[in-house]
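# Coordinate inspection notes
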Amino acid sequence: MKKLVLIVAVAFLFFGVFAQKFEKLVKTPPMGWNSWNKYQCNVSEVLIMGMADAMVSSGMKDVGYEYIVIDDCWQISRDENGNIVPDKDRFPHGMKYIADYVHSKGLKFGIYSSAGTVTCQKRPGGFGHEYQDALYYAKCGVDYLKYDWCGSSSQDAKSSYTNMRDALYTAGRPIVFSICEWGSSKPWEWAGTVGNLWRTTGDISDSWNSMIGIFDKQKDLARYAGPGKWNDPDMLEVGNGGMTTEEYRTHFSLWCMLASPLIAGNDIQNMTPETKSILLNKEIIAINQDTLGRQATCYRDNVDYQIWVKGLSNNEKAICLLNKSDEKKTVLVDFALLAQVRTGGRGFGGFGGPGAPAAPGTPGTPAIPVASTATVGAPATQAAPAGPPVGFQRGGTPLTLANYTVRDIWDHKDLVFKETSIYVDMPPHSVKVYRFIKK
Ligand code: GAL
């Protein structure tokens with residue numbers, strides 16, 4: 001009896017104290033490439049190794065992309081001992097061979113499975129084999145696991161993913177755990193201690209409507225994100241052909257503002273100069289990778305015209321103007337006012353507390369005209385400020401425009417102010433991103 005109590009106590013200690021997610025991983029949002037958006041099941045050793053080569057030769061590695069992830073369809077069955085079996089035709093040398101190759105390029109290697117009995121493409125899932133699979137991943141040298149939700153029927157999401165987290169931890173190799181349960185059980189509420197990133201919605205597809213629809217669903221999630229735990233609005237479609245260059249620039253900018261994982265999903269072996277200019281824009285990537293790990297919050301919402309703000313380290317900030325409409329807009333932007341927008345809040349909307357602007361449409365409170373919009377041809381007007389949201393930046397220092405250099409992140413130029421309010425032309429579906437850099 002005493003022995004039993006001891007075993008239970010040891011087991012409790014082991015799982016209670018030691019079963020956890022690996023700390024220190026992805027302190028900034030993970031960056032990499034994944035096969036799914038472009039290739040679906042058409043994956044192979046040749047493709048994956050070619051993508052690893054391209055990540056280096058294209059310059060992507062130099063700007064921070066790191067993970068090469070094989071999505072669904074690398075696995076084909078389980079052997080008589082329950083071990084997962086890779087598709088021999090597509091991966092003749094097995095998965096460790098690819099992991100070694102990816103590592104030899106100075107990159108990291110990711111793989112995919114599902115918490116259910118099957119993956120979404122009906123390959124064997126991880127259910128009931130969690131510890132066995134985790135050991136296999138560790139042995140192969142896997143650095144990142146995307147874990148889907150297909151085949152899960154009546155399983156409970158939190159306990160299923162926690163089980164896999166514990167299996168990975170027990171296997172002993174630090175592996176980034178990417179939870180892909182499509183946001184169904186609000187993983188942002190429980191996954192911070194379970195995984196490193198969690199999908200917040202269903203799958204993205206390569207169209208403006210899909211991308212912007214997913215973006216719209218991220219608005220209330222900022223407070224759940226931070227170093228090592230990221231909301232994941234799905235992988236990038238930049239360069240896959242279904243959106244215009246302007247729209248792809250918007251897609252990438254919004255993902256950067258949201259501190260989202262930047263997982264490219266295009267053919268990085270053959271990129272147009274436009275695609276490269278987006279995926280390799282170091283200045284917008286720096287906003288995504290800022291060490292504070294803040295997800296942007298929506299500061300102004302005029303439905304098809306919005307202003308988003310992301311607090312950055314060193315009391316800096318990024319401000320993104322978004323024209324979601326199908327029309328060109330001319331907006332009058334008051335940079336003196338934007339300079340004073342607070343970035344301290346992490347909650348819904350992120351700007352609560354004294355001095356904060358009222359939410360648009362709050363009865364009886366005039367909206368503060370940080371930027372007003374007008375259609376082309378009509379003069380844009382700016383109402384008198386109803387008291388700027390003078391607030392204190394992080395650290396308690398009141399900052400004004402005089403404290404900043406304002407940089408246009410896509411034009412790669414610092415603004416020169418004759419007036420502090422400037423008319424800005426915005427094509428349909430476009431963004432302007434400004435970084436307020438401390439002087
Ligand atoms: C979906 C997942 C996609 C992709 C696909 C593979 O559930 O959201 O990103 O992994 O399965 O079958």
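Residues numbered from 1 in each chain as written. Predicted model: local features only at pLDDT ≥ 70, side-chain atom pairs only at ≥ 80, totals over all residues. Heavy atoms only, no water.

### A look at the overall build of the protein chain
- Across its full length, the protein chain holds eleven helices and 19 strands.
- Residues classed as buried in the protein chain amount to 56% of the 439 residues present.
- By element, 55% of the accessible surface of the protein chain is carried by carbon and sulfur atoms, the whole surface being about 17,900 Å². (Helix = DSSP H or I, 4+ residues; strand = E, 2+ residues; numbered from the N terminus. Buried < 20%, exposed > 50% of the residue type's maximum accessible area, 1.4 Å probe, protein only. Areas by Shrake-Rupley, 256 points an atom, 1.4 Å probe, with all protein chains shown as cover.)

### Quick look at the pattern of salt bridges
- This structure, assessed with the given rule, holds 19 salt bridges.
- With its nearest N and O atoms 2.7 Å apart, the salt bridge here joins aspartate 71 to lysine 146. Residue aspartate 71 is located in the loop between β2 (67–69) and β3 (75–78), and its partner lysine 146 is located in strand β6 (residues 144–148); the two are separated by 75 residues in the primary sequence.
- With relative accessibility at 8%, the residue lysine 146 sits in the buried group.
- Ionic contacts of the salt-bridge type, sharing partners, join the residues Arg199, Asp203 and Asp234 into one network. (Salt bridge = Lys/Arg side-chain N within 4 Å of Asp/Glu carboxyl O.)

### With respect to the site of the ligand
- By nearness alone, 13 residues border the ligand, and Asp71, Asp72, Lys146, Asp148 and Asp203 come closest of all.
- Between the ligand and tryptophan 182 there is a distance of 3.1 Å, counted from an oxygen atom to a side-chain nitrogen or oxygen.
- In the complex, 96% of the free accessible area of the ligand, which totals 310 Å², lies under the protein chains.
- For the shell around the ligand, the per-class residue count stands at six nonpolar, one polar and six charged. (Near = heavy atom within 4 Å. Polar contact = N/O pair within 3.5 Å; in protein donor to acceptor, adjacent residues only side chain to side chain. Nonpolar A, V, L, I, M, F, W, Y, C, P; charged D, E, K, R; others polar.)

### Digging into the environment of arginine 342
- Mapped onto the elements of the fold, arginine 342 is located in the loop between α11 (335–339) and β15 (371–375).
- The spatial distance from the C-alpha of arginine 342 to the C-alpha of tyrosine 299 is 9.7 Å, given a sequence separation of 43 residues.

### Describing the pairing of strand β7 (residues 176–179)
- Across the two faces of β7 the burial is the same, with Val176 and Ser178 and Phe177 and Ile179 all buried.
- Traced from β6 through helix α6 (residues 157–171) to β7, the parallel crossover comes out right-handed.
- Bridge count for β7 against strand β8 (residues 197–199) is two bridges, and the pairing is parallel. Across the sheet, isoleucine 179 pairs through a bridge with tryptophan 198, a residue of β8. (Right-handed = clockwise from strand over helix to strand, strands pointing away. Pairing = 2+ DSSP bridges.)

### Notes on the sheet that holds strand β5 (residues 108–114)
- Reading across from one edge, β9-β8-β7-β6-β5-β2-β1-β10 is the order of the eight strands in this open sheet, with parallel pairing throughout. In this open sheet, the two edge strands, each paired with only one partner strand, are β9 (230–232) and β10 (262–264). Shown here is a sheet whose adjacent strand axes are inclined to one another by a mean of 25°, direction ignored. (Axes fitted to C-alpha atoms, helices over the stretch in contact; angles between N-to-C directions.)

### Structural notes on helix α5 (residues 130–140)
- Burial in α5 covers these residues: Glu130, Asp133, Ala134, Tyr136, Tyr137, Ala138 and Cys140.
- Buried residues in α5 make contact with β3, β4 (84–86), α4 (94–104), β5, β6 and α6.
- Positive backbone phi, approximately 95°, marks glycine 141, located one or two places after α5. (Contact = heavy atoms within 4.5 Å.)

### Quick look at the state of the cysteines
- Applying the stated criterion across every chain, the model contains two disulfides.
- For cysteine 41, the disulfide goes to cysteine 73, at an S-S distance of 1.7 Å. Of this pair, cysteine 41 sits in the loop between α2 (36–39) and α3 (45–57) while cysteine 73 is found in the loop between β2 and β3, placing the two residues 32 residues apart along the sequence.
- Accessibility expressed as a relative area gives 24% for cysteine 41, which makes it partly exposed.
- A sulfur-sulfur distance of 2.0 Å marks the disulfide that ties cysteine 120 to cysteine 150. Here cysteine 120 and cysteine 150 share a disulfide; its torsion about the S-S bond, 95°, makes the bridge right-handed. Residue cysteine 120 is located in the loop between β5 and α5, and its partner cysteine 150 is located in the loop between β6 and α6; the two are separated by 30 residues in the primary sequence. (Disulfide = S-S within 2.5 Å.)

### With respect to the packing of α5 against α6
- Packing of α5 against α6 leaves a shortest axis separation of 8 Å and a crossing angle of 45°. Comparing the axis directions of α5 and α6 gives the class oblique. Along this stretch, α5 crosses α6, giving a crossing that reads as right-handed. Along its contact with α5, which presents Glu130, Tyr131, Ala134, Leu135, Tyr137 and Ala138, the element α6 presents Asn163, Met164, Asp166, Ala167, Leu168, Thr170 and Ala171.
- For the contact of α5 with α6, a count of residues per class yields nine nonpolar, two polar and two charged. (Parallel < 35°, antiparallel > 145°, perpendicular 65-115°, else oblique. Left-handed = near helix turned anticlockwise from the far one by under 90°.)

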